[in-house]
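Tertiary structure, described
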Amino acid sequence: MGKEQKERSVDSTSPMEHADQERRERQIAVIPHIVDREPGIVEGRHNEIEVLIEQALKNDIDPEQIINRAMIAGMDVVGQKFSANEIFVPEMLVSAVTMSKGLAILKPLLQSGGDDSRGKIIVCTVKGDIHDIGKNLVKMMLEGAGFSVTDLGVDLSVEKLVEQVKQLKPDILGLSALLTTTMSEMQKVIEALEKEGIRNSLRIMVGGAPVDAAFAEKIGADGYGKDAAEAVQIARNLMP
Ligand code: B1M
């Protein structure tokens, strides 16, 4: 390609695309100042999160961007600070409360108002694990995508889960674990469903920070979602 031709192709972006790009850059730049990682989630300012989110929305920032770029990023900072002994469980808990409050505010904006007819899903956090923010987010996104989701909560025993699967007959079972020590519970669930002869009546999707695709395959799960958006994609693919 000649120099002149190259320049022309670089300039070929339409004014609309330029405007879109500028808008995106402006939004990304403004997020840290509004739902700031520091005052917002990391410092657990639960009394201010509503106002911070309102400001972000007024600035035309997409709810999913607020969640992913500001809030989840904030929780990652919390995790790093906890690992470095800069903060402890009580502070982590206040950040979690702030995060949950923020998600509740944004929830209606993520709902599609669909007819819940895409399929039936059970979600829960496995036995021994009380982390529920990621699981709640996955639930919200699945509902937003039109699935009917039953949330069985946290720290759920294998026995209770098997009982609920028999009763509710979901298309998909979604298991979340945030601790390396509770990942093995996922395998126990699958083994228990196999023992009951109902493993093949549903699809199993797993996720959570320590989980990956290789682990999912190793324990015989049908799918792994890296984040809530991917979980929706996987759930769609898992539906018959
Ligand atoms: Co805990 N905690 N925590 N904690 N905590 C972690 C997980 C940790 C990584 C922090 C750290 O050390 N850096 C560490 C685990 C280390 C490990 O096992 N390798 C840890 C620890 C050690 C602990 C305790 C043991 C601390 C203690 O008591 N000494 C204790 C355990 C309690 C228990 O469960 N038995 C504990 C307690 C807590 C709080 C209660 C204080 C609080 C949880 C409050 C709550 O959930 N209601 C808490 C928090 C907040 C965290 C961090 C900081 C944040 C977790 C979070 O909410 N992230 C976390 C560090 C971190 O992850 N950065 C940490 C935001 C959320 C949106 O992301 O949950 O990853 P996540 O979910 C994502 C994906 O993973 C995925 O999609 C979500 C959205 O993108 N996903 C799925 C999740 N589930 C899915 C399911 C799917 C598909 C995708 O399909 C079904």
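In short, a report on the structure.

Conventions we followed
- Residues numbered from 1 in each chain as written.
- Predicted model: local features only at pLDDT ≥ 70, side-chain atom pairs only at ≥ 80, totals over all residues.
- Heavy atoms only, no water.
- Near = heavy atom within 4 Å.
- Polar contact = N/O pair within 3.5 Å; in protein donor to acceptor, adjacent residues only side chain to side chain.
- 1 Å grid on protein atoms, 1.4 Å probe; cavity = no way out; pocket = protein on both sides within 12 Å on 5 of 7 lines; lining within 4 Å.
- Sits in = over half its atoms within 2 Å of the grid points.
- Helix = DSSP H or I, 4+ residues; strand = E, 2+ residues; numbered from the N terminus.
- Pairing = 2+ DSSP bridges.
- Axes fitted to C-alpha atoms, helices over the stretch in contact; angles between N-to-C directions.
- Contact = heavy atoms within 4.5 Å.
- Donors = N, O, S within 2.8 Å, 3.2 Å for Na, K, Ca; no water.
- Parallel < 35°, antiparallel > 145°, perpendicular 65-115°, else oblique.
- Left-handed = near helix turned anticlockwise from the far one by under 90°.
- Nonpolar A, V, L, I, M, F, W, Y, C, P; charged D, E, K, R; others polar.
- Buried < 20%, exposed > 50% of the residue type's maximum accessible area, 1.4 Å probe, protein only.
- Right-handed = clockwise from strand over helix to strand, strands pointing away.
- Arc of directions from axis to C-beta.
- Expected span 1.5 Å × (residues − 1).
- Core = buried A, V, L, I, M, F, W, Y, C linked by side-chain atoms within 4.5 Å.

1. Examining the site of the ligand
Taken together, 36 residues lie around the ligand, and Ser 83, Ile 130, His 131, Asp 132 and Ser 176 are the ones closest in. Here Asp 76 contributes a side-chain N or O atom positioned 3.4 Å from a nitrogen atom of the ligand. Measuring from a nitrogen atom of the ligand, one finds a side-chain N or O atom of Asp 132 at 2.7 Å. If you map the ligand onto the pockets, it falls in the largest pocket. Elements represented by at least two residues in the shell around the ligand include exactly α5 (63-83), α6 (89-110), α7 (133-144), β3 (172-176), β4 (203-207) and α11 (228-238).

2. Comments concerning the sheet that holds β3
The five strands are arranged β2-β1-β3-β4-β5 in an open sheet whose pairing can be described as parallel. Whereas interior strands pair on both sides, the edge strands pair on one side only; in this sheet they are β2 (148-151) and β5 (223-225). Here the strands of the sheet are splayed against their neighbours by 25° on average, with no regard to which way each runs. Along the sheet, helix α8 (residues 158-168) makes contact with β1 (120-125), β2 and β3, crossing β1 at roughly 170°.

3. Some remarks on the coordination of the cobalt atom of the ligand
There is one protein donor for the cobalt atom of the ligand, namely His 131 (NE2), at 2.2 Å. Among the structural elements, His 131 can be located in the loop between β1 and α7.

4. Describing the packing of α8 against helix α9 (residues 184-195)
At a minimum axis separation of 10 Å, α8 and α9 run at an interaxial angle of 45°. Between α8 and α9, the crossing angle belongs to the class labelled oblique. As α8 packs across α9, the resulting crossing turns out to be right-handed. In contact with Val 158, Leu 161, Val 162 and Val 165 of α8, α9 contributes Glu 185, Lys 188, Val 189, Ala 192 and Leu 193. Class assignment for the residues of the contact of α8 with α9 results in seven nonpolar, no polar and two charged.

5. Some thoughts on the pairing of β3
The buried fraction of β3 amounts to five of the five residues, a majority that puts the element mostly inside the structure. Inspection of the sheet shows β1 paired to β3 by five bridges, in the parallel sense. Paired with Thr 125 across the bridge in β3 is Ser 176. Read as a crossover between parallel neighbours, the route from β3 over α9 to β4 is right-handed.

6. Here we look at unusual backbone geometry
The phi dihedral of Asn 85 is positive, around 60°, even though this residue is not glycine. As for its placement among the helices and strands, Asn 85 is situated in the loop between α5 and α6. Asn 85 gets classed as exposed once you look at its relative accessible area, which sits at 54%. Even without glycine at this site, Asp 155 takes up a positive phi of about 50°. Take Asp 155: it is sitting in the loop between β2 and α8. According to the relative accessible area criterion, Asp 155 is partly exposed, its value standing at 34%.

7. What about α8?
Burial in α8 covers these residues: Val 158, Leu 161, Val 162, Gln 164 and Val 165. Across the axial projection of α8, the buried residues extend over an arc of 165°, all falling on one side. Counted as exposed and oriented over 90 degrees from the buried face of α8: Glu 159 and Gln 167. Lining the buried residues of α8 we find β1, β3 and α9. One or two residues past the end of α8 sits Lys 169, with phi positive at roughly 45°.

8. A few points about α5
When the terminal C-alpha atoms of α5 are compared, their 29 Å separation across 21 residues agrees well with the 30 Å that a helix rising 1.5 Å per residue should span. Residues Pro 63, Gln 65, Ile 66, Ile 67, Ala 70, Met 71, Ala 73, Gly 74, Val 77 and Val 78 constitute the buried set of α5. In the stretch just after α5, Asn 85 is the one whose phi turns positive, near 60°.

9. A short note on the nonpolar core
As a rule of thumb, nonpolar side chains are buried together in soluble globular proteins. Core analysis: the biggest nonpolar cluster contains 37 residues, and Met 71, Leu 103, Leu 142 and Phe 147 have the highest contact counts within it. Contributing elements (two or more residues each) for this core: α3 (37-42), α4 (49-58), α5, α6, β1, α7 and α11. In this structure Leu 103 touches Ile 67, Met 71, Ile 133, Leu 137 and Met 140, once residues within four positions along its chain are discounted.

In short, geometric facts, not functional conclusions.
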